[in-house]
Amino acid sequence: MEALVNQIVAGLTTGCAYALIGLALVIVYRTTSHVNFAQGEMATLTTYVAWSLLQAGVPYWGAFALAIVVAFIFAASLERWVIGRLGASSPMATVAAFIGLFMILHSLTGYIWGHDVREFPSPFPGGALAGGLVSGHQVGVAAVTTVLLVLLWAFFRFTSVGLAIRAAAQNPGSARLSGISTKAMAAFGWGLASAMGAVAGMMIAPQLYLDPNMMSGVLIYGFAAALMGGIQSVPGAVIGGLALGVLENLLGAYVVGTQLKLTVAMVLIVGMLVWRPDGLMGRPSAKRV
């Protein structure tokens with residue numbers, strides 16, 4: 001029983017990182033109707049920025065905040081000057097552009113920082129807590145994720161910019177007539193999603209070690225979390241990430257073994273696309289033709 005509880009708790013803390021990546025994908029999709037295949041590479045790039053700042057002597061939380069700012073500015077600029085110009089392109093051209101962006105960022109990260117595996121420090125105390133069930137880092141990741149989710153909810157619920165982003169995503173035509181710049185809101189949404197991805201990268205790096213391929217598997221789990229909850233549902237991405245973390249740990253420990261854990265996420269993605277493409281909390285959408 002103790003081992004089972006340990007797997008569930010560890011799965012929940014791992015699921016927090018999946019939820020952050022899934023949430024970033026949902027924000028991008030809701031603001032621009034695009035699936036950002038380069039979300040993981042953007043997170044890796046900004047995590048390396050944080051690592052460089054730490055090596056330069058910047059305190060951890062200072063590097064943490066600066067990396068988030070860099071992630072926001074980089075993604076907002078990318079959407080404004082590159083992604084925003086894909087609106088009239090065909091779906092295949094858009095997919096090809098995102099795959100190209102994935103390869104560019106991956107190669108750029110390896111070119112600048114190399115492909116050596118590096119250690120990334122954790123700001124949280126080491127050692128086990130709660131009788132050995134969780135580590136200090138796992139508790140810290142859960143706490144950071146919870147704080148970010150509350151702040152994100154308050155931002156979308158109570159701020160004028162958050163309401164404008166929601167309006168631009170739900171009805172771009174009416175939003176433009178109301179004086180809202182849908183282009184600016186799309187750029188802001190991309191920046192916000194990249195900031196969430198940067199946090200996920202910095203929380204995951206102490207567990208996985210830092211290298212240019214760090215987020216490749218995590219991005220797949222993030223896709224699975226977003227599809228599981230509903231690609232347009234913010235709460236769904238969180239629930240999907242937590243559920244996927246627990247499911248992955250339990251199946252890896254008791255059913256398929258650790259070597260097939262990533263396969264579980266792929267099976268889940270295919271299954272959701274086939275049997276419930278709108279996700280557990282998504283609503284079926286229809287377009288007039």
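Starting from 1, residues in each chain are numbered consecutively following that chain's sequence as written. Selection of residues for local features in this predicted model requires a pLDDT of at least 70, selection of side-chain atom pairs for listing and counting requires 80 or more, and totals for whole chains, interfaces and linings are taken over all residues. Side-chain numbers here rest on the full set of heavy atoms in the structure, without hydrogens or water.

### Observations regarding the overall build of the protein chain
Turning to step 1, where the next piece is worked out: For helices the rule is a DSSP run of H or I covering at least 4 residues; for strands it is a run of E covering at least 2, with both sets numbered from the N terminus onward. Scanning the protein chain from terminus to terminus reveals eleven helices and two strands.
Turning to step 2, where the next piece is worked out: Its helices and strands in sequence order give the protein chain the pattern α-α-α-α-β-β-α-α-α-α-α-α-α, from N to C terminus.
Turning to step 3, where the next piece is worked out: Each principal axis of the C-alpha atoms in the protein chain carries an extent, and together these give about 60 × 45 × 35 Å.
Turning to step 4, where the next piece is worked out: The cut-offs for exposure are 20% and 50% of the maximum accessible area for each residue type, with area from a 1.4 Å probe on protein chains only; residues under the lower value are buried, those over the upper are exposed, and the others partly exposed. Within the protein chain, buried positions represent 46% of all 289 residues.
Turning to step 5, where the next piece is worked out: Pairs of residues are marked as contacts when any of their non-hydrogen atoms sit within 4.5 Å. Long-range pairs, those at least 24 residues apart, make up 76% of the contacts in the protein chain with a sequence separation of at least 6.
Turning to step 6, where the next piece is worked out: Surface summary for the protein chain: the accessible area is close to 14,200 Å², and the carbon and sulfur share equals 67%.
Turning to step 7, where the next piece is worked out: Under this rule, positive means Lys or Arg and negative means Asp or Glu; His and the chain ends count for nothing. To locate a charge, take NZ of a lysine, CZ of an arginine, CG of an aspartate or CD of a glutamate. Averaging the positions of the 13 positive and the 8 negative side-chain charges in the protein chain gives two centres separated by 23 Å. In this description, accessible areas are obtained by the Shrake-Rupley approach with a 1.4 Å probe, and a residue is regarded as covered only by the protein chains that are shown.

### Digging into helix 8 (residues 182-208)
Turning to step 1, where the next piece is worked out: Multiply 1.5 Å by the residue count of a helix minus one, and that product is the helix's expected span. Helix length check: helix 8 (27 residues) gives 38 Å between terminal C-alpha atoms against 39 Å at 1.5 Å per residue, within 8%.
Turning to step 2, where the next piece is worked out: Helix 8 sits mainly inside the fold: 22 of its 27 residues count as buried.

### Comments concerning a nonpolar patch on the surface
Turning to step 1, where the next piece is worked out: In this scheme, patches are assembled from residues that exceed 30% relative accessible area and form no salt bridge. Like charges are connected within 9 Å, while nonpolar side chains (Val, Leu, Ile, Met, Phe, Trp, Tyr) are connected within 5 Å. In what follows, salt bridge is the name for a side-chain nitrogen of Lys or Arg lying within 4 Å of a carboxyl oxygen of Asp or Glu. There is a patch of nonpolar side chains on the surface, built from Leu4, Ile8, Leu12, Tyr254 and Val255 and spanning about 440 Å² of accessible area.
Turning to step 2, where the next piece is worked out: Counting residues per element, the nonpolar patch draws most heavily on helix 1 (residues 2-32), at three residues.
Turning to step 3, where the next piece is worked out: Summarising the element assignment, leucine 12 is placed in helix 1.

### Re helix 6 (residues 160-170)
Turning to step 1, where the next piece is worked out: Listing the buried residues of helix 6 in full gives Gly162, Ala164, Ile165 and Ala168. For helix 6, the angular spread of buried residues about the axis comes to 160°, placing them on one side. Projecting away from the buried face of helix 6 at angles above 90 degrees are the exposed residues Ser160 and Gln170. By construction, the arc corresponds to the directions joining the helix axis to the C-beta atoms.

### Structural notes on the confidence of the model for the protein chain
Turning to step 1, where the next piece is worked out: Of all residues in the protein chain, 92% have pLDDT values of 70 or greater, and the mean over the chain is 83.
Turning to step 2, where the next piece is worked out: Each residue carries a pLDDT score, the predictor's own confidence in it, on a scale running from 0 to 100. When mean pLDDT is compared element by element in the protein chain, helix 2 (residues 39-55) scores highest at 94, while strand 1 (residues 128-129) scores lowest at 64.

### Brief notes about the packing of helix 2 against helix 4 (residues 91-113)
Turning to step 1, where the next piece is worked out: Axis separation between helix 2 and helix 4 bottoms out at 9 Å; the angle between their running directions is 20°. The orientation of helix 2 relative to helix 4 falls into the category roughly parallel. By crossing handedness, the relation of helix 2 to helix 4 is classed as left-handed. Each of Glu41, Met42, Thr44, Leu45, Tyr48, Val49, Trp51 and Ser52 in helix 2 lies in contact with helix 4, whose residues at this interface are Phe102, Leu105, His106, Thr109 and Trp113.
Turning to step 2, where the next piece is worked out: Grouping the constituent residues of the contact of helix 2 with helix 4 by class yields eight nonpolar, four polar and one charged. Think of each axis as a best-fit line through the C-alpha atoms, taken over the contacting stretch in the case of a helix, with angles from 0 to 180 degrees between the N-to-C directions. With respect to orientation, any angle under 35 degrees is reported as roughly parallel, any angle over 145 as roughly antiparallel, any angle of 65 to 115 as roughly perpendicular, and every other angle as oblique. By definition, turning the near helix anticlockwise from the far helix through less than a right angle yields a left-handed crossing, and turning it clockwise yields a right-handed one. Three classes are used: nonpolar for Ala, Val, Leu, Ile, Met, Phe, Trp, Tyr, Cys and Pro, charged for Asp, Glu, Lys and Arg, and polar for all others, with Gly counted as polar.

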